[in-house]
Amino acid sequence: YGKLGASTLTIESMESIASGINSSTYGDEDVYGVMYGVGVRANTSFGLFLKLETTVNEYQTVKLRSDTGNTNHVEADPSQETVRLAVGYSF
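What you see is a predicted model, and the numbers here were worked out from it, not measured in a lab. (Residues numbered from 1 in each chain as written. Predicted model: local features only at pLDDT ≥ 70, side-chain atom pairs only at ≥ 80, totals over all residues. Heavy atoms only, no water.)

Details of the pattern of salt bridges
So, point 1. Summed over the entire model, instances satisfying the criterion amount to two salt bridges.
So, point 2. Residues E53 and K3 are paired through a salt bridge, measuring 3.1 Å at the closest nitrogen-oxygen approach. Taken as a pair, E53 in strand 3 (residues 48-59) and K3 in strand 1 (residues 2-11) lie far apart in primary sequence, 50 residues in all.
So, point 3. Residue classification places E53 among the buried positions, given a relative accessible area of 7%.
So, point 4. Relative accessible area serves as the criterion here: at 28%, K3 is assigned to the partly exposed category.
So, point 5. As a salt-bridge pair, E53 and R84 come within 2.9 Å of each other at their nearest N and O atoms. Taken as a pair, E53 in strand 3 and R84 in strand 6 (residues 79-89) lie far apart in primary sequence, 31 residues in all.
So, point 6. Overall, the relative accessible area of 44% leaves R84 in the partly exposed class. (Salt bridge = Lys/Arg side-chain N within 4 Å of Asp/Glu carboxyl O. Helix = DSSP H or I, 4+ residues; strand = E, 2+ residues; numbered from the N terminus. Buried < 20%, exposed > 50% of the residue type's maximum accessible area, 1.4 Å probe, protein only.)

Brief notes about a nonpolar patch on the surface
So, point 1. Residues V40, L50, L52, V83, L85 and V87 make up a contiguous nonpolar surface patch of roughly 590 Å² in combined accessible area.
So, point 2. Only strand 3 and strand 6 provide two or more residues apiece to the nonpolar patch.
So, point 3. For L52, the location among the structural elements is in strand 3.
So, point 4. On the accessibility criterion, L52 (40% relative accessible area) is partly exposed. (Patch = residues over 30% accessible without salt bridge, like charges linked within 9 Å, V, L, I, M, F, W, Y side chains within 5 Å. Areas by Shrake-Rupley, 256 points an atom, 1.4 Å probe, with all protein chains shown as cover.)

Brief notes about the packing of aromatic side chains
So, point 1. As enumerated under the stated definition, the model contains one aromatic pair in all.
So, point 2. Between Y89 and F91, the aromatic rings sit 5.9 Å apart at their centres with planes inclined by 20°, giving stacked as the arrangement.
So, point 3. Classification of Y89 as exposed rests on a relative accessible area of 51%.
So, point 4. Since its relative accessible area comes to 90%, F91 is described here as exposed.
So, point 5. The positively charged end of R41 is found above the aromatic ring belonging to Y1, 4.5 Å away from the centroid. (Phe/Tyr/Trp six-rings, centres within 6.5 Å; stacked < 30°, edge-to-face > 60°. Lys NZ or Arg CZ within 6 Å of the ring centre and 35° of its normal.)

Quick word on the sheet that holds strand 6
So, point 1. Pairing in this open sheet of four strands is antiparallel, and the strands run 1-2-3-6 from one edge to the other. The open sheet has two free edges, formed respectively by strand 1 and strand 6, since each of these has just one partner strand. Neighbour-to-neighbour, the strand axes of this sheet turn through a mean angle of 20°, independent of strand direction.
So, point 2. One ladder, built from eleven bridges, connects strand 3 with strand 6; its direction is antiparallel. Following the sheet pairing, F49 is matched in strand 6 by G88. (Pairing = 2+ DSSP bridges. Axes fitted to C-alpha atoms, helices over the stretch in contact; angles between N-to-C directions.)

Re the environment of G33
So, point 1. By the secondary structure assignment, G33 is in strand 2 (residues 29-43).
So, point 2. For G33, a relative accessible area of 11% gives the class buried.
So, point 3. In this view, G33 contacts G5, A6, S7, E58 and Y59; residues no more than four positions away in its chain are not counted. (Contact = heavy atoms within 4.5 Å.)

In structure tokens, the structure reads:
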């Protein structure tokens, strides 16, 4: 089977203004992404079933710029890859 989806992710900055005069501070940012994946299911005649899937989440590029402190900028491409195995019994 295949999977497709959409998602959103909030990037929350965790810096502290109390760390010094040259500290940069950033706002939070929401980014959007897509999820896609594939999987297989198997059932046995005695009620045992297995499900194995892998998915990938890819998000927009995050660009944060500070207007304080060192006026640094941060750029990242967040993503997530997962593999899941489920084992069950039907009775």
